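A look at the structure
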Amino acid sequence: MPGDDQAAMPAAVAVRAVGLQKTVGRGRAARQVLAGVDFAVAVGELVAVLGRSGSGKSTLLHLLGGLDRPDAGTVTIGDEPLTGVSDRALAQIRLRRVGFVFQSFALVEELSGEENVLLPTRLPGAPKDGTQRAQRLIDELGIRPVADRVPHELSGGEQQRFAIARALVNDPDVVLADEPTGNLDQSAAADVLTLLRALTAQRRAVVVVTHERDAAAAADRVVHLAGGRLVSA
């Protein structure tokens, strides 16, 4: 039946990596952290990447989001390649299609929480209606009462909520979270994971890299990075 065929169709791929290789360090300190990684995340899927410290999890995330370039291999977001394009084109793809969430929050200390959320909307090429989207996110994430405070006046959980709002303000297809619960207490960490989980219902792809198995419990799928390669859990 037509309905059955439609249900059987595979989900569209939001981000795909093929044959990623990356070496860090120089000379005798050089070390290959990614040795031909193949990885794909579907629209509406949350995938957790587990691995020990130094295993290359953050390197993988940076390559998926275009913050760094691989030594070999390709990355595609939707139908747009990240490899082989100019730095300017890569920056525009990041701005429009990728949101980043960091363990350290990466908020600008001199700006209020609200101003931090608005920052990406001020960049050339940012999608329209960013200001309205920022205000809506601040309300939805429950941080309106502290929106005028600077980061050192906020709790860790509040800072991470502002960081998530900033990641979403340009309406990205892919959200990449690097140890997003690493600096949070148990309650705040659970709240952040719930927020990230909810993003999949908005047809966003979410990748969380972590060494914490509790953080991986929110994922649809878990993979392990070891020896430069990904292995399904």
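Keep in mind that what you see is a predicted model, and the values were worked out from it rather than measured.

Before going further, it helps to examine the nonpolar core. Generally speaking, nonpolar side chains in soluble globular proteins are found buried as a group. One finds Val117, Phe162, Ile164 and Leu196 to be the most contacted residues of the largest nonpolar core, which totals 36 residues. Of all the secondary-structure elements, those providing two or more residues to this core are strand E3 (46-50), helix H4 (113-118), helix H5 (130-140), helix H6 (156-168), strand E7 (174-178), helix H7 (186-199) and strand E8 (205-210). When sequence neighbours within four positions are dropped, the list of residues in contact with Phe162 reads Leu107, Gly113, Glu114, Val117, Ile143, Val146, Ala147 and Leu154.

Quick look at the packing of H6 against H7 now. With their axes 10 Å apart at the nearest point, H6 and H7 run at an angle of 15° to one another. With respect to H7, the axis of H6 lies roughly parallel. Note that H6 runs across H7; the crossing there is right-handed. Contacts from Gly157, Gln160, Arg161, Ile164 and Leu168 of H6 reach H7 at Ala188, Asp191, Val192, Leu195 and Leu199. Tallied by class, residues from the contact of H6 with H7 come to 6 nonpolar, 2 polar and 2 charged.

Right, let's talk about the pairing of strand E1 (residues 13-24) for a bit. Judged from the 9 bridges that link them, E1 and strand E2 (residues 31-42) form a sheet pairing that is antiparallel. Within E2, the position partnered with Val15 by the bridge is Val41. Hairpin connection of E1 to E2: 6 residues between the antiparallel strands, including Gly25 at a positive phi of 80°. One ladder, built from 5 bridges, connects E1 with strand E4 (residues 72-77); its direction is antiparallel. Paired with Val18 across the two strands is Thr74, which belongs to E4.

Counted by the stated rule, this structure contains 13 salt bridges. When the shortest N-O distance is used, the salt bridge between Asp139 and Arg144 registers 2.9 Å. For Asp139, a relative accessible area of 47% gives the class partly exposed. When the shortest N-O distance is used, the salt bridge between Arg204 and Asp171 registers 3.1 Å. Placement of Arg204 in the loop between H7 and E8 and of Asp171 in the loop between H6 and E7 is noted, with a sequence separation of 33 residues between them. Via salt bridges that share partners, Asp79, Glu80, Arg96, Arg97 and Asp173 belong to a single interconnected network.

Definitions and cut-offs
Here the residue numbers are simple positions, counted from 1 along each chain's written sequence. Selection of residues for local features in this predicted model requires a pLDDT of at least 70, selection of side-chain atom pairs for listing and counting requires 80 or more, and totals for whole chains, interfaces and linings are taken over all residues. The side-chain quantities take in all heavy atoms of the structure and omit both hydrogens and water. For this analysis, a nonpolar core means a set of buried residues of the types Ala, Val, Leu, Ile, Met, Phe, Trp, Tyr and Cys, connected via side-chain atoms within 4.5 Å. Burial here depends on accessible area, computed with a 1.4 Å probe over protein chains only, as a share of the maximum for the residue type. Under 20% is buried, over 50% is exposed, and the range in between is partly exposed. Put simply, DSSP marks the helices as runs of H or I at least four residues long and the strands as runs of E at least two long, and each gets a number from the N terminus on. Whether two residues touch is decided by their heavy atoms; if any such pair falls within 4.5 Å, the residues are in contact. Between the N-to-C directions of two axes lies an angle of 0 to 180 degrees, each axis being a line fitted to C-alpha atoms and, for a helix, fitted only over the stretch in contact. When an angle is under 35 degrees it counts as roughly parallel; over 145 it counts as roughly antiparallel; between 65 and 115 it counts as roughly perpendicular; any other value is oblique. Helix crossings fall into two classes, left-handed where the near helix is turned counterclockwise from the far one by less than a right angle and right-handed where it is turned clockwise. Gly falls in the polar group here, along with every residue not listed as nonpolar (Ala, Val, Leu, Ile, Met, Phe, Trp, Tyr, Cys, Pro) or charged (Asp, Glu, Lys, Arg). Should DSSP find at least two bridges between two strands, the strands are taken to pair. The salt bridge definition used is simple: a Lys or Arg side-chain nitrogen within 4 Å of an Asp or Glu carboxyl oxygen.

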